[in-house]
Amino acid sequence: MTAQTAVEAEIARRGWQVPAFTVQALREKRARYCLIVPVINEGERIRRQMAETAALGFCDLMDVIIVDGGSTDGSLAEDFLRETGVRTLLTKTGPGKLSAQLRCAYAYALIEGYDGIITIDGNGKDSVESLPLFVKALDAGIDYAQASRFITGGEGINTPLSRLIAIRLLHAPALSLAGRRWFTDTTQGYRAYSARYLLDPRVQPFRDVFVRYELLAYLTARAGQLGYRTSEVPTRRAYPANEAIPTKIGGAHAHLDLINVLWKTLRGDYNPPRA
């Protein structure tokens, strides 16, 4: 049985709803935690980020799993992945966007037996040197650690005014209310989860309702609702000064969708049915 068929069989056995994906394992599991990096056509940004991660020695601290949404830019060549210490490349072949990608990666990581998962966007905006702080949080028993540029030790560079206003006045207050815990920087995908949180039957992240950006909001709120230990980790998020903002969220429709996700999270629409 190949690694891929074994993972597919286990997903089916557990009854998880996960999009189809391929598994390209490049080395054996070595660490207690893994770093999941969702990407799609990130070009030189993901190459610089992975080179920095490897240079800092973090590929020995945690196993790196890249989950690709269908890149066509050649940035994920096997020789580069091996050079930078990537453990596994997952490629989503089924439908869906970011939440679908994350379901693929989280399912693989949990089946592989990792005790905790750290996620960082592959667009190079976040401070990879902060990764040990997430490991420290998981080691201390934190079940959900959220990156923040707004707390002491954090830094936001060139944050667009519209995003700053949306985060501080809408997104963070709404998810803090939903989760009964105060968070300052909830749009960031830079975060960590314990395996016990993701595997709690009251969470159930492996459902087809999570397609675009729903899973990030839901997991932020659900942790506090269920009484899990949460914290924020100071990080730096830097937007480029004189070039296009690296983001997959653009246009009025995408922003309206995010507002709709917030509203559904507040109402508890994503919570699993009670047994």
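Attention in this report is confined to the structure presented alongside it.

Definitions and limits used
Residues numbered from 1 in each chain as written. Predicted model: local features only at pLDDT ≥ 70, side-chain atom pairs only at ≥ 80, totals over all residues. Heavy atoms only, no water. Core = buried A, V, L, I, M, F, W, Y, C linked by side-chain atoms within 4.5 Å. Buried < 20%, exposed > 50% of the residue type's maximum accessible area, 1.4 Å probe, protein only. Helix = DSSP H or I, 4+ residues; strand = E, 2+ residues; numbered from the N terminus. Contact = heavy atoms within 4.5 Å. Axes fitted to C-alpha atoms, helices over the stretch in contact; angles between N-to-C directions. Parallel < 35°, antiparallel > 145°, perpendicular 65-115°, else oblique. Nonpolar A, V, L, I, M, F, W, Y, C, P; charged D, E, K, R; others polar. Patch = residues over 30% accessible without salt bridge, like charges linked within 9 Å, V, L, I, M, F, W, Y side chains within 5 Å. Areas by Shrake-Rupley, 256 points an atom, 1.4 Å probe, with all protein chains shown as cover. Salt bridge = Lys/Arg side-chain N within 4 Å of Asp/Glu carboxyl O. Pairing = 2+ DSSP bridges. Polar contact = N/O pair within 3.5 Å; in protein donor to acceptor, adjacent residues only side chain to side chain.

1. A word on the nonpolar core
- If you look at the biggest cluster of nonpolar residues, it comprises 47 residues, and the most contacted ones within it are F21, I36, Y106 and L219.
- Ranked by residue count, the leading element in this core is helix α5 (residues 98-111), at 10 residues.
- Leave out the neighbours within four places in its chain, and I36 touches I65, V67, A105, Y106, A109, I117, I118, T119 and I120.
- Counting residues in each nonpolar core, the second largest holds 31 residues, with I46, I66, I118 and V233 among its members.

2. Remarks on the packing of helix α1 (residues 3-14) against α5
- Two numbers describe how α1 lies on α5: the axes approach to 10 Å, and their chain directions differ by 95 degrees. As summarised for this structure, α1 and α5 are arranged roughly perpendicular, according to the angle between their axes. Residues V7, E10, I11 and R14 of α1 touch α5, and the partners they reach there are A107, Y108, L110 and I111.
- Partitioned by chemical class, the residues of the contact of α1 with α5 number six nonpolar, no polar and two charged.

3. Here's the deal with a nonpolar patch on the surface
- Where nonpolar side chains cluster on the molecular surface, the patch consists of L161, L164, I165 and L169 and spans about 400 Å² of accessible area.
- Along the polypeptide, L161 turns up in helix α7 (residues 161-179).
- Relative accessible area serves as the criterion here: at 60%, L161 is assigned to the exposed category.

4. Digging into the sheet that holds strand β8 (residues 191-194)
- Pairing in this open sheet of eight strands is mixed, and the strands run β1-β4-β3-β2-β5-β8-β6-β9 from one edge to the other. Strand pairing shows two members of the sheet lacking a second neighbour, β1 (21-25) and β9 (230-234), which therefore form its edges. If you compare each strand with its neighbour and ignore which way they point, the axes differ by 20 degrees on average.
- Sheet analysis places strand β2 (residues 33-39) next to strand β5 (residues 116-119), joined by four bridges and oriented parallel.

5. Remarks on the pattern of salt bridges
- Taken as a whole and assessed by the stated rule, the structure comprises 18 salt bridges.
- Residue R14 is joined to E10 by a salt bridge in which the shortest nitrogen-to-oxygen separation is 2.7 Å. One end of the pair is R14 and the other is E10, both in helix α1 and four residues apart, which spans about a single turn.
- Overall, the relative accessible area of 31% leaves R14 in the partly exposed class.
- You can call E10 buried: its relative accessible area is 17%.
- The salt bridge partner of D139 is R32, with a shortest N-O separation of 3.4 Å. Here R32 lies in the loop between β1 and β2 and D139 lies in helix α6 (residues 131-139), a separation of 107 residues in the sequence.

6. Looking at the environment of N158
- For N158, the location among the structural elements is in the loop between β7 (155-157) and α7.
- Overall, N158 belongs to the partly exposed group, its relative accessible area being 44%.
- Through-space distance from the C-alpha of N158 to that of Q4 is 41 Å; in sequence the pair is 154 residues apart.
- Within the local environment of N158, its side chain forms a polar contact with the backbone oxygen of Y239, the two atoms lying 2.9 Å apart.

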